[in-house]
Amino acid sequence: MPVNLTANAISAINGGDVNSKPLVQVLDIKLIGSTQERYRLLLSDSVATQHAMLATQLNDRVKTGGVRKGSVIQLIDYICSTVQNRKIIVVLNMETIIPDCDVIGNPKLFSEADSVPQKPAPYMPSGRPPSIKNNNVGVQTSATSFSHVKASGFQNQGSNTQSFRPTVQPPYQPPPNYKNHGAIMRNEAPARIIPIAALNPYQGRWAIKARVTAKGDLRRYNNARGDGKGSLKPAQKNFNHLKNEWEIFLETASSVDLCPDEDASIPRQQFSFRPISEIQNTESNSILDVIGVVVTVNPSVPILRKNGMETQRRILNLKDQSGLSVELTLWGEFCNREGQQLQEMVETGNFPILAIKAGKVNDFTGKSVSTISATQLFINPDCSEANSLRDWFEHGGKDIASHSISREVMPGGSKNETRKTLAQIKDEGLGRSDKPDWITVKATISFIKTDNFCYTACPLMIGDRQCNKKVTKSGNSRWLCDRCNQEFEECDYRYLLQVQVQDHTGLTWVTAFQETGEEILGCSAKDLYLLKYEAENDVKFTETIRNCLFTEFLLRLKIKEEIYGDEQRVKITVVKAEKVNYSEESRFLFEMIPKFQLC
């Protein structure tokens, strides 16, 4: 069956056509670019050929074989741009009409010097279309092969020949602004509005209609570059977390206009929520969206950054239907704005739903999420995920115990508890393999060393983490950090507890650092240091230590063999300490009984 390509299509597109949606044939496909895959096509209308660039969102059409050499395609969205003094067609959207076909006609490379503005052949809804010499070729296939193609077929009178024409094929008419104006000034016509997904650097003038979902602080800079227009550049993924390979740079010739009428077709905010269970397997520094119920909110504390500026930090905990919880660290204004509001809601018994847009994943002794400058927080958002989470929480989820993935990640296996006894640590040789072993024990604290229970630490921030290196006093009585090479008036105090624990099988020594030290003793290292060395209140200090002795804890332990000098020792570190909840512990023991029943 013969196939009719759109006559004069190449000439019309070069003349400014963007509406005719012509049928053309792909004569060649070439992969170009080393850092980014792009496909260059050679298109034909059976008389002339022209190079075209395929938008990257259409790359899969080539990779899956939907478009290949010989394919007849319909151009849906396209423009003609000048790149390095050569005109090239940029294909933004298309449909495959015939996947494979012999070369139609005898096309030659289009030359602008020989071109005369023409119109593509009009679409005739009935009767025989205008005959075009050498643009018909027989196709050996069945009519049912094209049932999925958006093309209109019609029967020629007195013949069984079927021709395929585009779905929409109006005759090309120059835009009104170009009529009868003589010579056209550059940029006289209004730019064409195109979707964000279709943006690419090969377009000349363009416009997008979009909703502003976030706005950063105003930054001022000076450089020697001249005036320019809005342009696209490859996105710097170190600073840009959006799922788009390009960034828009607005310059002096660009314009931004407020749309007075609301457009409901443009969403107000788009989320791509990840459950907490997936965060524990996500790479550090990844940017993601997460939603959960806020169950605890800690007070905001001041933190001294490396540049000497003070900021605020606040830690809260989220849980979701996956049965896990995660720490969220708020920085800066988030602490006083949303953080304070969340604290007040939790303290009054209202546990809000919090959606985090663009949170950063950290993996310091476990997985957690923190805010960055691009983060947005939404309290009790109106979305289906929030409604589902609220329904789960109010119908039993509130009372379900959840395990935190922060400061207790157990890589290399199931995240369920691996319950062991203290004797099993030695009997099973735990910690002596290449990777550390992670276990949970139920043990009682029997002794805590109090001579060196904490150390003086650097309070400066390196990125979104505190330095925490040990600091010493310099000659001028200021604290000095060798790592940061800076001095400051006040230092931080961090726990370095040596704790003896025991269960019914034996006893051992473990080390507890800052967070777990606070969980065991119930106060900060700084408060305990000031109590002993500044207030010299030995009675209160001793009472604080004694209050936690002979108390049962569920201890999550990291066990790893390390070398001290020439000696190998197994080091046991507490990564999480929780006082035993006897109701939950009884439930756990009941579930363990069937595993120990005799056959």
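The structure under discussion appears in the preceding block.
What counts and how
Residues numbered from 1 in each chain as written. Predicted model: local features only at pLDDT ≥ 70, side-chain atom pairs only at ≥ 80, totals over all residues. Heavy atoms only, no water. Helix = DSSP H or I, 4+ residues; strand = E, 2+ residues; numbered from the N terminus. Buried < 20%, exposed > 50% of the residue type's maximum accessible area, 1.4 Å probe, protein only. Contact = heavy atoms within 4.5 Å. Areas by Shrake-Rupley, 256 points an atom, 1.4 Å probe, with all protein chains shown as cover. Pairing = 2+ DSSP bridges. Patch = residues over 30% accessible without salt bridge, like charges linked within 9 Å, V, L, I, M, F, W, Y side chains within 5 Å. Salt bridge = Lys/Arg side-chain N within 4 Å of Asp/Glu carboxyl O. Core = buried A, V, L, I, M, F, W, Y, C linked by side-chain atoms within 4.5 Å. Phe/Tyr/Trp six-rings, centres within 6.5 Å; stacked < 30°, edge-to-face > 60°. Axes fitted to C-alpha atoms, helices over the stretch in contact; angles between N-to-C directions. Arc of directions from axis to C-beta.

Brief notes about the overall build of the chain
Move 1: Assigned secondary structure in the chain consists of ten helices and 30 strands.
Move 2: For the chain, the proportion of its 599 residues judged to be buried stands at 41%.
Move 3: In the chain, the proportion of contacts linking residues at least 24 apart, taken out of those at least 6 apart, comes to 63%.
Move 4: Accessible area for the chain stands at about 34,400 Å²; split by element, carbon and sulfur atoms hold 49% of it.

Quick look at the sheet that holds strand S25 (residues 486–488)
Move 1: Across the sheet, which stays open at both edges, the three strands sit in the order S23-S24-S25 with antiparallel pairing between neighbours. Each end of this open sheet is capped by a strand with a single partner; those strands are strand S23 (472–473) and S25.

Comments concerning a nonpolar patch on the surface
Move 1: Among the surface-exposed residues, Ile 248, Leu 250 and Val 256 lie close enough to one another that they form a single nonpolar patch of about 290 Å² accessible area.
Move 2: Here Leu 250 shows up in the loop between strand S10 (246–249) and helix H3 (276–279).

Here we look at the nonpolar core
Move 1: Counting residues in hydrophobic clusters, the biggest one holds 43 residues, and the most contacted among them are Ile 448, Leu 521, Leu 528, Leu 555 and Leu 557.
Move 2: In terms of residue count, the dominant contributor to this core is strand S19 (residues 437–448) (five residues).
Move 3: Excluding its chain neighbours within four sequence positions, the residues that come into contact with Ile 448 are Leu 497, Gln 498, Val 499, Leu 521, Ile 545, Cys 548 and Leu 549.
Move 4: Counting 33 residues, the second-largest nonpolar core is a separate cluster that includes Val 297, Val 369, Cys 383 and Leu 389.

Considerations on the packing of aromatic side chains
Move 1: A complete count under the given rule lists eight aromatic pairs for this structure.
Move 2: Ring plane angle 45° and centroid distance 5.6 Å describe the contact between Phe 453 and Phe 541, whose orientation is recorded as tilted. Remark: Phe 541 occurs in helix H9 (residues 538–546) and Phe 453 occurs in the loop between S19 and strand S20 (454–457); sequence separation between them is 88 residues.
Move 3: For Phe 541, a relative accessible area of 6% gives the class buried.
Move 4: Aromatic side chains Tyr 493 and Tyr 529 sit 4.3 Å apart centroid to centroid with 25° between the ring planes, which places their arrangement in the stacked category.

Some remarks on the pattern of salt bridges
Move 1: Enumeration according to the criterion identifies 14 salt bridges in this entry.
Move 2: Of the charged contacts, one joins Glu 278 and Arg 274 as a salt bridge, the two residues approaching to 2.7 Å between their closest N and O atoms.
Move 3: On the accessibility criterion, Glu 278 (36% relative accessible area) is partly exposed.
Move 4: The class of Arg 274 is partly exposed, set by a relative accessible area of 29%.
Move 5: The residue Glu 585 makes a salt bridge to Lys 442 at a minimum N-O spacing of 3.6 Å. Taken together, the residues span a long stretch of sequence, with Glu 585 in helix H10 (residues 582–592) and Lys 442 in strand S19 at a distance of 143 residues.
Move 6: Taking the relative accessible area as the measure of exposure, Glu 585 reaches 5% and is therefore buried.
Move 7: Of the residues examined, Lys 442 reaches a relative accessible area of 26% and is grouped as partly exposed.

Some details on the sheet that holds strand S27 (residues 497–503)
Move 1: If you walk around this closed barrel you meet the five strands as S19-S27-S28-S30-S29, and the pairing is mixed. Averaged over all adjacent pairs, the angle separating strand axes in this sheet is 55°, with direction ignored.
Move 2: Here strand S29 (residues 552–564) runs beside strand S30 (residues 567–579); their pairing, made up of twelve bridges, is antiparallel. The residue of S30 that forms the bridge with Leu 554 is Glu 578.

A closer look at the pairing of strand S13 (residues 310–319)
Taken residue by residue, a regular strand's side chains alternate between the two faces of the sheet.
Move 1: Inspection of the sheet shows strand S11 (residues 287–297) paired to S13 by four bridges, in the antiparallel sense. Each bridged residue has a counterpart across the sheet, and for Thr 296 the counterpart in S13 is Asn 317.
Move 2: One ladder, built from four bridges, connects strand S12 (residues 301–304) with S13; its direction is antiparallel. From the neighbouring strand, Ile 303 faces S13, where its bridge partner is Thr 311.

Some points on the pairing of strand S5 (residues 86–98)
Move 1: In terms of strand pairing, strand S3 (residues 48–54) meets S5 through three bridges, oriented parallel. In the strand pairing of S5, Ala 52 is matched with Ile 89.
Move 2: As paired strands, strand S4 (residues 72–83) and S5 are joined by eleven bridges and run antiparallel to one another. When the bridges of S5 are listed, Ile 73 appears paired with Thr 96.

Some thoughts on unusual backbone geometry
Move 1: One non-glycine residue with positive phi stands out, namely Asn 380, at about 50°.
Move 2: Examined against the element boundaries, Asn 380 turns out to sit in the loop between strand S17 (376–379) and helix H5 (384–394).
Move 3: If you check the backbone angles, Asn 468 has positive phi at about 70° while not being a glycine.
Move 4: Mapped onto the secondary structure, Asn 468 falls in the loop between strand S22 (465–466) and S23.
Move 5: Assessed through its relative accessible area of 16%, Asn 468 is described here as buried.

Remarks on helix H7 (residues 514–521)
Move 1: Along H7, the positions that sit buried rather than exposed are Gln 514, Thr 516, Gly 517, Ile 520 and Leu 521. Projected onto a plane normal to the axis of H7, the buried residues spread over an arc of 165° and lie on a single side.
Move 2: Looking one or two residues past H7, Gly 522 carries a phi angle of roughly 80°, positive in sign.

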